[in-house]
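Coordinate inspection notes
The residues making up each chain are set out below.
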Amino acid sequence: KSVEPIRLLSRHEREEKIRAANYNIFKVDAEDIYIDLLTDSGTSAMSNSQWAALMMGDESYAGARSFRKFEKTVREITGKKWVVPCHQGRVAENLVFSTLLEKGQYVPNNTHFDTTRGNCLHKGGLPVDLPCRESKSEEAIPFKGNMDTAKLEEFINEKGVDRIAMVIMTITNNSAGGQPVSMANIREVSEICRKHNLLFYFDCARYAENAYFIKRDEAGYAGKSIREIVQEMFSYVDGAMMSAKKDGLANIGGFVALDDEDTYRRLAELLILIEGFPTYGGMAGRDLEVLAVGLMEVMDFEYLDFRVEQIAYLGNRIKEAGMPIVEPTGGHAVFVDAGQFLKHIPPQQFPGVGLVVEFYVEGGIRT
């Protein structure tokens, strides 16, 4: 329903721009990019229903009507009673680690996303990645985002429960190539955490995308709706952190959802200091309205099916051009294996950065 102009700079101009940015693609201005594939975070085009909802934003400082809609939506999706709004996922991580993590404690994860790892380290924690063995396979097998549950059990027994703050599952597993996690794996990790009385949280930026892969690829779920699968996923965790700039289909937003009232009150106290009152959390009322719609719309099977197939199409075209990729493709990105493609560049010379620079110089594309 709306268009905007884009432009392709000449090759000479692109070479000058990337040199001026010291070869850091993040420092190139967006207007100097032709096709921007840097991230899907906060870049969604909103639906007509979201644009309509935006006009209903209640900008009251406390107890806004828009927050109540947002809160009701998050409760329906996650089944959690307490909802803490914040303006994006890294603030959710900051709140959780500031409240639940003691210096020197470990935080196992299937694979930490970079801001999760950064926030954990900043609070004195020790992030640990326990991806399944299949995650490194070059075969296109499903659920390569799973956690290695044998290693988790071994890690808990080795370090002791008191030295572990919580266990986190990133869905989908972004840093491992955008790979999904199976319901069986979520259930098994939950059982281990309950046995050891450990908190279990999701980093659920792409909860609907993960549910889609469970429906498509896991036995027993083909006949279930995305929403039913999502609700079962959340039933296994104590809480969740979300960057709603992904599967919230919005340009800003996030939340923490959880069961425990005492933890909620501690999170809310810190929220007031760093984000805002607990019924807006750094967002405008219109943002909350948009998210209340987007968090539901993203669970539409046909939308998810189109999105996943679109990524698979792009992955296949890249493979046809002779570039190795992480397979299978996930639901939000194609991951090119730059180390494999540029074998003459050693890892400490950053083949990934080199490839990103060449994409921009050759085609004005930011990756």
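To keep things clear, this report deals only with the structure shown in the data block. Fair warning: this is a prediction, and the values are worked out from it, not measured in the lab.

1. Points about the side chain of Asp-247
Structurally, Asp-247 can be placed in the loop between strand 7 (239-243) and strand 8 (254-258). Leave out the neighbours within four places in its chain, and Asp-247 touches Ala-205, Arg-206, Tyr-207, Ala-208, Glu-209, Met-242, Gly-294, Leu-295, Val-298 and Arg-307.

2. A short note on a nonpolar patch on the surface
Taken together, the side chains of Ile-6, Leu-8, Tyr-34, Ile-35 and Leu-37 present a nonpolar region at the surface, about 460 Å² in accessible area. Tracing the backbone shows Tyr-34 in the loop between helix 1 (11-20) and strand 1 (35-36).

3. Looking at empty space enclosed by the protein
The tally for this structure, following the rule as stated, stands at one cavity of 30 Å³ or more. Here the largest cavity is characterised by a volume of approximately 40 Å³. What lines the largest cavity is Val-74, Ile-77, Thr-78, Cys-204, Tyr-207, Phe-234, Met-242, Phe-255 and Leu-295. With three residues, the top contributor of residues to the lining of the largest cavity is helix 3 (residues 65-78). A breakdown of the residues in the lining of the largest cavity according to their chemical character gives eight nonpolar, one polar and no charged.

4. So, the environment of Ala-268
Here Ala-268 is to be found in helix 10 (residues 261-274). Here Ala-268 falls in the buried class, since its relative accessible area comes to 9%. Taking the C-alpha atoms as reference points, Ala-268 and Val-161, 107 residues apart in sequence, are found 26 Å from one another.

5. Describing the pattern of salt bridges
In total, this model carries 25 salt bridges according to the counting rule given. When the shortest N-O distance is used, the salt bridge between Glu-76 and Lys-72 registers 2.8 Å. Here the residue Glu-76 and the residue Lys-72 both occupy positions in helix 3, the gap between them amounting to four residues, near one helical turn. Classification of Glu-76 as partly exposed rests on a relative accessible area of 29%. In this structure Lys-72 comes out as exposed when scored by relative accessible area, which is 51%. Between Glu-261 and Arg-265 there is a salt bridge, with its nearest N and O atoms 2.5 Å apart. Of this pair, Glu-261 and Arg-265 both sit in helix 10, four residues apart, which is roughly one turn of that helix.

Analysis parameters
- Residues numbered from 1 in each chain as written.
- Predicted model: local features only at pLDDT ≥ 70, side-chain atom pairs only at ≥ 80, totals over all residues.
- Heavy atoms only, no water.
- Helix = DSSP H or I, 4+ residues; strand = E, 2+ residues; numbered from the N terminus.
- Contact = heavy atoms within 4.5 Å.
- Patch = residues over 30% accessible without salt bridge, like charges linked within 9 Å, V, L, I, M, F, W, Y side chains within 5 Å.
- Areas by Shrake-Rupley, 256 points an atom, 1.4 Å probe, with all protein chains shown as cover.
- Salt bridge = Lys/Arg side-chain N within 4 Å of Asp/Glu carboxyl O.
- 1 Å grid on protein atoms, 1.4 Å probe; cavity = no way out; pocket = protein on both sides within 12 Å on 5 of 7 lines; lining within 4 Å.
- Points joined across faces, edges and corners; volume = space filled by probe spheres on them.
- Nonpolar A, V, L, I, M, F, W, Y, C, P; charged D, E, K, R; others polar.
- Buried < 20%, exposed > 50% of the residue type's maximum accessible area, 1.4 Å probe, protein only.

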